[in-house]
Amino acid sequence: MNERDDRDRSPGDREEPAADEVPTTPAPAVDPSPRRFLRSRDDRIIAGVAGGLGRYFDIDPVIIRIAFAVSVLFGGLGILAYLAVALFVPSDDGTGQPVEGGRGRDVARVLGVIAIAIAVFCGFGVLVGAGAFVTGLGFGVPVAAVVVLIGVALAVLSFRGGARWLIVPAVALSIGVGVAAASDLDLTGGIGDREYRPQTAAAIPDGGYELGIGRLAVDLRGIDWSPQQVLDVSARVGAGQLVVAVPSDVCVAADAHAGAGDLVVAGQQADGADVDLTSGDGGIGRPMLRLNADVDLGQITVVNDDNADISNPNRQWDHGWDGGDYGNDAAMRAANTKACAR
Amino acid sequence: MSPGGVDRVSLVAGIAFALFGGLLCLDQLDLIALAPGIVAAAFCAAAGAALVAAGLGPEDDDG
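These notes cover the structure that comes with them.

The rules behind the values
- Residues numbered from 1 in each chain as written.
- Chains lettered and ligands numbered in written order.
- Predicted model: local features only at pLDDT ≥ 70, side-chain atom pairs only at ≥ 80, totals over all residues.
- Heavy atoms only, no water.
- Helix = DSSP H or I, 4+ residues; strand = E, 2+ residues; numbered from the N terminus.
- Buried < 20%, exposed > 50% of the residue type's maximum accessible area, 1.4 Å probe, protein only.
- Areas by Shrake-Rupley, 256 points an atom, 1.4 Å probe, with all protein chains shown as cover.
- Patch = residues over 30% accessible without salt bridge, like charges linked within 9 Å, V, L, I, M, F, W, Y side chains within 5 Å.
- Salt bridge = Lys/Arg side-chain N within 4 Å of Asp/Glu carboxyl O.
- Lys, Arg positive; Asp, Glu negative; His and termini not counted.
- Charge placed at Lys NZ, Arg CZ, Asp CG, Glu CD.
- Pairing = 2+ DSSP bridges.
- Axes fitted to C-alpha atoms, helices over the stretch in contact; angles between N-to-C directions.
- Phe/Tyr/Trp six-rings, centres within 6.5 Å; stacked < 30°, edge-to-face > 60°.

Section: the overall build of chain B
Of the regular secondary structure elements, chain B holds three helices and zero strands. For chain B, the α and β elements follow one another from N to C terminus as α-α-α. Across the 63 residues that make up chain B, the buried fraction comes to 38%. As displayed, chain B has an accessible area near 3200 Å², and 71% of this comes from carbon and sulfur atoms.

Focus: a negative patch on the surface
Taken together, the side chains of Asp-184, Asp-255, Asp-274 and Asp-276 of chain A together with Asp-30 of chain B define an acidic patch exposed on the protein surface. In this fold, Asp-30 of chain B is placed in the loop between α1 (8–28) and α2 (36–55).

Looking at the sheet that holds strand β4 (residues 209–219) of chain A
Residues and elements named next belong to chain A. Taken together, the six strands give an open sheet; going across it, the order is β3-β4-β5-β8-β6-β7, and neighbouring strands pair in mixed fashion. At either end of the open sheet lies a strand with only one pairing partner, and these are β3 (191–196) and β7 (268–278). When strand polarity is set aside, the average angle formed by the axes of neighbouring strands in this sheet is 15°. Note: strand β6 (residues 251–265) against strand β8 (residues 288–304), 14 bridges, orientation parallel. Each bridged residue has a counterpart across the sheet, and for Ala-260 the counterpart in β8 is Leu-297.

With respect to the packing of aromatic side chains
Centre distance and the angle of the planes are the two values used to describe a pair of aromatic rings. Summed over all chains, the structure comprises six aromatic pairs over all chains. Consider the rings of Tyr-196 of chain A and Tyr-209 of chain A, whose centres lie 4.9 Å apart with planes at 40°: the pair is tilted. In this pair, Tyr-196 of chain A sits in strand β3 while Tyr-209 of chain A sits in strand β4, placing the two residues 13 residues apart along the sequence. Residue classification places Tyr-196 of chain A among the partly exposed residues on the basis of a relative accessible area of 30%. Here the aromatic rings of Phe-17 of chain B and Phe-43 of chain B are separated by 6.4 Å at their centres, their planes lie at 65°, and the arrangement is edge-to-face.

If you want it as structure tokens, here you go:
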């Protein structure tokens, strides 16, 4: 009988000697050495670490497995701890005694499982991205049809033993197409980092500016704005960042929309999914930019600042408007309010 | 696995994702316009159905 079995039994279950019975054997000596932590041979999924910890601390190993899984979300320290235990702590032989050797095999097994998990995770991400990308290019129907086909295949194969692995691509493609559909993602228009600095109003294309993926910067500060000039400009980015800059004395009347992301228009800010932002009421009779801006996934930034450097791509996604390249949102809001009210 | 040889998880997940894919098809064909909240809810329903099917457990199959 091992120590665990003995501990699990209630006192009433233990065999007590009768009162008139004289013990003929001496009581076993108490082992002064502490209990040894060993990986479990019988209760293991990968290397028996959670099973061993559960037995050592007398708690359900499932709780420890959940803790390891959750720790992955917080920097992956749990994986390192698991690897360390798998490497340095021997496994038991089923009777509570350590088995020397075999650690290399266990570590190889752990590394193999981690490699497979990383491969599955990367493959999943690639499928999500590919689904969204292809849908954004205008081929959403075929991708959605693939999801339907996978679903039908799953249902049909369920009568022949099942094919649960098909659930993974079904989920990944569903997420990709779903995100693209929800945000009306449109990735036509090219990929890259583009910057336009028109020097006259006539240089602004009638169809506006467009970019599929990347960063689109439109700097309108080189235009000689007349006192009552009104410029209509439209700009669209599928996924990425749109930056539009005007002089500080130009009123920005913007109609901005983001399928999912962040809008910072002349100092006003809004973020979330399917978010709209309008600004610049009352600017009639002043130099005015009437901007129609749209980003499916990402950020729109409209800057009224004579000196802001909009060529710095490192500013993208930076919400710390602390007087840096784009100035600060309060100053820009004040500038735009002043420009629209003069 | 059910007594009849049907893998319940595959069956439920297959039906759920076929329906979800059909919904996405209709959206991509511009026959309907799915709001982000509807897409998220529909996806959660599909994934949730598969998870519920998986969580019913083998003991139910015996009964």
